[in-house]
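Spelled out from the first residue to the last, the chains are:
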Amino acid sequence: ALPIFDVELTAEELALSDAQLELARAESTAREAREALHAALGLAQPLAGWQLAAASPLAALPADALADVEARALGASLDLERSRARMRAQALGAGIEAWDAAFASFELGIAAQRDPDLGETGVGPSLALALPIFDAGAPARAAALGELRALVAEHAVLTVEIRTQARRLRERVLAADARVVALQDVHLPALRRFVTDTLRNYNAMQIGAFDVVRARKRELDGERELVRSQAAARRARLELEELLAGRLARGAAPRGAEDDPAPQATSHLSNGGGH
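Residues numbered from 1 in each chain as written. Predicted model: local features only at pLDDT ≥ 70, side-chain atom pairs only at ≥ 80, totals over all residues. Heavy atoms only, no water.

Draft legend 1. Geometry of the overall build of the protein chain. Tallying secondary structure elements over the protein chain gives 6 helices and 2 strands in all. Intrachain contacts of the protein chain at a sequence separation of at least 6 include 74% that bridge at least 24 residues. (Helix = DSSP H or I, 4+ residues; strand = E, 2+ residues; numbered from the N terminus. Contact = heavy atoms within 4.5 Å.)

Draft legend 2. Summary view of a nonpolar patch on the surface. Together, Leu37, Leu41, Leu43, Leu47 and Leu52 make up an exposed nonpolar region whose accessible area comes to about 450 Å². Tracing the backbone shows Leu52 in the loop between α1 (6-41) and α2 (69-76). (Patch = residues over 30% accessible without salt bridge, like charges linked within 9 Å, V, L, I, M, F, W, Y side chains within 5 Å. Areas by Shrake-Rupley, 256 points an atom, 1.4 Å probe, with all protein chains shown as cover. Salt bridge = Lys/Arg side-chain N within 4 Å of Asp/Glu carboxyl O.)

Draft legend 3. Region of interest: α1. With 36 residues, α1 extends 52 Å from end C-alpha to end C-alpha; this agrees with the ideal 52 Å at 1.5 Å per step. Within two residues after α1, Gly42 carries a phi angle of roughly 70°, on the positive side. (Expected span 1.5 Å × (residues − 1).)

Draft legend 4. Fine view of the nonpolar core. If you look at the biggest cluster of nonpolar residues, it comprises 15 residues, and the most contacted ones within it are Ala73, Ile162, Leu240 and Leu243. Broken down by secondary-structure element, the contributors of at least two residues to this core are α2, α5 (138-203) and α6 (209-244). The leading source of residues in this core is α5, at 5 residues. Each residue touching Ala73, except ones within four places of it in the same chain, is listed here: Ile162, Ala166, Leu243 and Leu244. (Core = buried A, V, L, I, M, F, W, Y, C linked by side-chain atoms within 4.5 Å. Buried < 20%, exposed > 50% of the residue type's maximum accessible area, 1.4 Å probe, protein only.)

Draft legend 5. Spotlight on the pattern of salt bridges. This model, assessed by the stated rule, comprises 18 salt bridges. Of the charged contacts, one joins Glu171 and Arg170 as a salt bridge, the two residues approaching to 3.3 Å between their closest N and O atoms. Arg170 gets classed as partly exposed once you look at its relative accessible area, which sits at 21%. The shortest N-O distance in the salt bridge between Arg237 and Asp177 comes to 2.9 Å. Of this pair, Arg237 sits in helix α6 while Asp177 sits in helix α5, placing them 60 residues apart in sequence. Using a relative accessible area of 3% as the deciding quantity, one classes Arg237 as buried. Overall, Asp177 belongs to the buried group, its relative accessible area being 14%. Here the salt bridges do not stand alone but share partners, grouping Glu22, Lys217, Asp221 and Arg224 into one network.

Draft legend 6. Main features of unusual backbone geometry. Its identity as a non-glycine residue notwithstanding, Asp68 has a phi of 55°, on the positive side. Residue position: Asp68 is located in the loop between α1 and α2.

Draft legend 7. Molecular detail of the confidence of the model for the protein chain. Chain-level pLDDT for the protein chain is 76 on average; 72% of the residues reach the 70-or-more range. Within the protein chain, strand β1 (residues 108-114) has the poorest average pLDDT of any element, 43, and α2 the best, 92. Here residues 118-124 is modelled with pLDDT under 50, and outside its nearest four sequence neighbours on either side it reaches 16 contacts, counting other chains as well. Segment residues 252-268: pLDDT under 50, and 36 contacts once partners within four positions in sequence are set aside and those in other chains are kept. (pLDDT = per-residue confidence, 0-100.)

Draft legend 8. Looking closely at the environment of Ala245. Relative to the helices and strands, Ala245 resides in the segment after α6. Measuring from C-alpha to C-alpha, the distance between Ala245 and Arg72 comes to 8.9 Å, with 173 residues separating the pair along the chain.

Draft legend 9. Inspection of the environment of Ala76 at higher detail. Relative to the helices and strands, Ala76 is located in helix α2. In sequence terms Ala76 and Arg247 are 171 residues apart; their C-alpha atoms lie 8.2 Å from each other.

Draft legend 10. Quick peek at the side chain of Asp177. Here the side chain of Asp177 touches Arg237 through a polar contact of 2.9 Å, side chain to side chain. In contact with Asp177, other than residues within four places in its own chain, are Leu58, Leu61, Ala233 and Arg237. (Polar contact = N/O pair within 3.5 Å; in protein donor to acceptor, adjacent residues only side chain to side chain.)

Draft legend 11. Broad picture of helix α3 (residues 78-93). Over its 16 residues, α3 runs 23 Å from end to end, which matches the ideal 22 Å to within 8%, given 1.5 Å per residue. One side-chain oxygen of the residue at the start of α3 lies 3.3 Å from the amide nitrogen of Asp79, identifying that residue as Ser77. Of the residues flanking the end of α3, it is Gly95, one or two places downstream, whose phi is positive at about 90°.

What follows is the structure, encoded as structure tokens:
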């Protein structure tokens, strides 16, 4: 047998201490997550001894799951529908009775204009709308029209925000799924082969017991990373599904595989959601 030196023993004892501290942090996080779930379920008295079912593997996305996400998100957006209703009401206040026809008669979009002096391009909403010039209520109409222009600008900004978030979430889903596949198909199999080879060398008395422990720890770290990556991939899919169902989540910080794993329901992106 190979000799074990004091410094090696001390290093392994420190590694064990770090693992115990990490376990304590994880257990504390799990207890807090359980209480948050109890509150979300409206349970005055938490159920004792319940356990979450094991998460099923991520199913492959349908070929058309991420197609036309921008158009689908715009078509399903409840925020855009509310914005249209506000513009319609304001248009009526400005004296535009047939708003739907008027909406089709003016140009509403994102106009880009290049500054010849600065060499920069500015992007913003453009609006052209014809109203009667001679009108006894012209000042009130002008004020109402100014408010309408502000609402149109807000609508254009909201449209850009939804498009941007749709693209961002689509890329997050693709990246998260690719990470899960790489861990499952390449990284973890390599770690398992490494553990097997290490055990063979240990049986041949070429390495010490601590080398086997370290190899096994690397394998466990890889398995934990896979769990975290699967959780991140599920969150990305759920957030994109939420956007395609009509809800724009504002102020959400990007999440990655480094987040703490959290139980997530398995879901599959549908091809619907837009209209």
